[in-house]
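Structural overview
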Amino acid sequence: MSAEPIAPGRLGGTLGAIAVPARMRATMLRRSLREHPGPTVAGLVGLLAAAWLIRYALRGDPHTLGLLAGAWVLGWIVLPLLLGGGRGRVRPAHLRLEPIGGVPAAIGLLAASAIGIGPAVSLVALAALPVHAARHGTVAVLVTAGGAVLLWLLGLIGSAIALEVVGHAGGPAGALLTGIFTGTAMGVAGSLWAVFPWVSVLLVAAPQEVVRAMAYVPSAWPVAAATGPTGQGVRRITALVGIVALCAAAYIMLVRRVIAAGAPFRPRRTAAASPAGAEREWLGWVPAATRAVVGRELRAWTRHPLRLQYLAFAVVYGALLAGLPLLSDVDLLLPWAGPLAVLGAAAMSAGLVGLDGTALWLPLTTPNGERAEVRGRALAWLVLVTPIGVLLTVAGIIVAPDVDPLAALCTLPALLGAGAAVPVWVSLLRVRPVADPRHPTAADNPTDIVSVLVATAAGLLAAAPVLALVVWGPPPAAPLLPLVGLLGGAAAWWGGVWLADERLARRGTAVLAAAGQRSRPPETALPLTWDVQWYRENKSTAWALGLLTVGWIPVIPQGLMPLAFGIDSGWIVAGHLDGGARTSVGLAMVGLGVAMLLTGLVLWDRRPQPGGPPQTAPPG
């Protein structure tokens, strides 16, 4: 009997507890908007994108609209993981000391997550669905509006789950996502010539294969439910409600776990060190000291966030550069997915010593430790990257059986040999320490443009004999290509190992001192806007940036693409010529690009350094 007067009090207490995270989030957002204009600018950009989506919904294709809506929701879930969206967010751990249950806490946290610029802009963007359905009547508008709200809830709950799980799962998960995202962005940017025609066709009318696939994509269900048969529409809306309910249940379980234990998952138990019997079986021919370095490096590659990020970037970037041309029915590059990924992995490995901090003292204080360190690093990279390169190459050959894969297969060992050894030397030659090697972040970048270019050029130089024999060699010389590739890789391996040995043996203390610095030398500050005065005072830096940016255009699109791959396009100069004139113009373009890049490197090294001696102004 006494339960009746107590129930309203309990209900009020529960509602008050639910409102606490929302008030916290509103206060944090209000202060953040006063101090930092970044979220406001991002919100304006998002509103412009949402306005374009609504405008497209007026007359656009319904299947393409569903695809764009799904991409928006997926971006809402993934992008905060990459851009630090978890900052300023109320998390379940903040409520551990509050007298609140799992369900009210989850509702309050979701209400807090809904307060912000991102959710508001996403709700505006998803309004494109009922706008598109307006042509089919009022009932269609109501159905698609309900579906849009369900998609909005799906993005809201999915983003909360992703931020909580990935944020507490440690750096590797976030690093992999960051590498995949950046590799995808760079791969699409490098294949715009193939992506743009496909996007143009998609915006006009979705191809039949896309139409069939969209039947299984939840973002297309609201419009399909409003325009299709009634029974099918009911089933799709019910399925969408079920997906949202499952996500909500998963989030409630996650919040309960965090409130009870402080983390969404139990900490992983550290396995006891097992004897290296397996390593001795497949690396028995390697000296014990080198084998120990190999084991350490392989563990570092699978556990260090930045190494995982670099590896994921290289794999995705290489695969997309070779695979995206399929959108324009060009399959010539598919067998080159493996070599491109290997070349990218070598470029991203050109500064790994800077991640190790003062751990480099171990090989310096061990007899013959320098030799074991260099060979162990190179061998570990080879063991890790070789299967990736081979798998991508074989996959490209299977997908494009009509393309001759001999050049790609023979180039692969040359790139592997150079990529394993030369980046070790480059990372010892140009050490860029990180602020805290024990707690690396995505902002830590131990490589620079010079290191990347040197590592890339080494791979291209090792593969040059194979490419030259493919382009200009007589047909009877084709059986020699595998041998030439192996010899090029072996020569690059030997040269890189020898240079790294010399560097570490003779300048080991200098390398250790550089790697142990807590802060880097000040970098040249580059303006984010057009600053005429800065360009006048830093002409060499400005020219270096321009040459290093533009110099790749003569080398790859204007030179290597028509010479090595026979790719022609309206803007490729050599593609309009035949015979010797085509070859001469292509070689001239490569030479011009190499000269521009070398000049840019020289000017970059001669740029004025901050904190250096002041330069006297010229008289007058």
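Predicted model, so just to flag it, every value in this text is computed and none were measured. (Residues numbered from 1 in each chain as written. Predicted model: local features only at pLDDT ≥ 70, side-chain atom pairs only at ≥ 80, totals over all residues. Heavy atoms only, no water.)

A tally of helices and strands in the protein chain yields 25 helices and 0 strands. The proportion of buried residues among the 620 residues of the protein chain is 41%. Long-range pairs, those at least 24 residues apart, make up 78% of the contacts in the protein chain between residues at least 6 apart in sequence. Carbon and sulfur atoms form 69% of the exposed surface of the protein chain, whose accessible area is close to 32,100 Å². (Helix = DSSP H or I, 4+ residues; strand = E, 2+ residues; numbered from the N terminus. Buried < 20%, exposed > 50% of the residue type's maximum accessible area, 1.4 Å probe, protein only. Contact = heavy atoms within 4.5 Å. Areas by Shrake-Rupley, 256 points an atom, 1.4 Å probe, with all protein chains shown as cover.)

So, on to helix α16 (residues 337-348). Under the 1.5 Å per step criterion, the end-to-end length of α16 is 16 Å for 12 residues, consistent within 8% with the ideal 16 Å. The element α16 is extensively covered by neighbouring structure, given that 11 of its 12 residues are classed as buried. Turning to α16, its buried residues number three or more, namely Ala337, Gly338, Pro339, Ala341, Val342, Leu343, Gly344, Ala345, Ala346, Ala347 and Met348. In this structure, the buried residues of α16 make contact with α15 (305-323), α18 (369-399), α19 (406-429) and α20 (449-472). (Expected span 1.5 Å × (residues − 1).)

Relative to the helices and strands, Leu587 is located in helix α25 (residues 579-605). Classification of Leu587 by relative accessible area gives partly exposed; the value is 40%. Separated by 13 residues in the primary sequence, Leu587 and Ala574 place their C-alpha atoms 9.5 Å from one another. Contact partners of Leu587, with chain neighbours within four places excluded, come to Trp472 and Leu563.

Overall, the predicted model of the protein chain reaches an average pLDDT of 79, with 81% of residues at or above 70. Contacts of residues 270-280 to residues separated by more than four positions or lying in other chains number 5 contacts, the stretch itself having pLDDT below 50. Counting contacts from residues 611-620, a segment whose pLDDT is below 50, to residues more than four positions away or on other chains yields 1 contact. (pLDDT = per-residue confidence, 0-100.)

Moving on, we get to the packing of aromatic side chains. One pass over the full model with this rule turns up 4 aromatic pairs. Where Trp52 meets Tyr56, the ring centres are 5.7 Å apart and the plane angle is 15°; that geometry is what we call stacked. Of the two residues, Trp52 and Tyr56 both sit in helix α2 (residues 38-59), 4 residues apart, roughly one turn of that helix. Trp52 sits in the partly exposed class, given a relative accessible area of 40%. (Phe/Tyr/Trp six-rings, centres within 6.5 Å; stacked < 30°, edge-to-face > 60°.)

Take the pattern of salt bridges next. Per the stated rule, a full pass over the model turns up 7 salt bridges. In this structure, the salt-bridge partner of Arg377 is Glu297, at a minimum N-O distance of 3.9 Å. Of this pair, Arg377 sits in helix α18 while Glu297 sits in helix α14 (residues 288-303), and the two are 80 residues apart along the sequence. Neither residue differs from the other here; Arg377 and Glu297 are each classed as buried. Each of Arg296, Glu297, Arg307, Glu373 and Arg377 takes part in one network of salt bridges that share partners. (Salt bridge = Lys/Arg side-chain N within 4 Å of Asp/Glu carboxyl O.)

Direction vectors running N to C along α14 and α18 enclose 50°, while the axes themselves pass 8 Å from each other. One element, α14, and the other, α18, form an angle in the oblique class. The chirality of how α14 crosses α18 is right-handed. Residue-level contacts link Ala289, Thr290, Val293, Val294, Arg296, Glu297, Leu298 and Trp301 of α14 to Ala372, Glu373, Arg375, Gly376, Arg377, Leu379, Ala380, Trp381, Val383 and Leu384 of α18. Of the residues that constitute the contact of α14 with α18, the class distribution is 11 nonpolar, 2 polar and 5 charged. (Axes fitted to C-alpha atoms, helices over the stretch in contact; angles between N-to-C directions. Parallel < 35°, antiparallel > 145°, perpendicular 65-115°, else oblique. Left-handed = near helix turned anticlockwise from the far one by under 90°. Nonpolar A, V, L, I, M, F, W, Y, C, P; charged D, E, K, R; others polar.)

Attention now goes to a nonpolar patch on the surface. On the surface, Leu326, Val390, Val394, Ile398 and Val399 cluster together to form a nonpolar patch covering roughly 420 Å² of accessible area. Along the chain, Ile398 falls in helix α18. With relative accessibility at 63%, the residue Ile398 sits in the exposed group. (Patch = residues over 30% accessible without salt bridge, like charges linked within 9 Å, V, L, I, M, F, W, Y side chains within 5 Å.)

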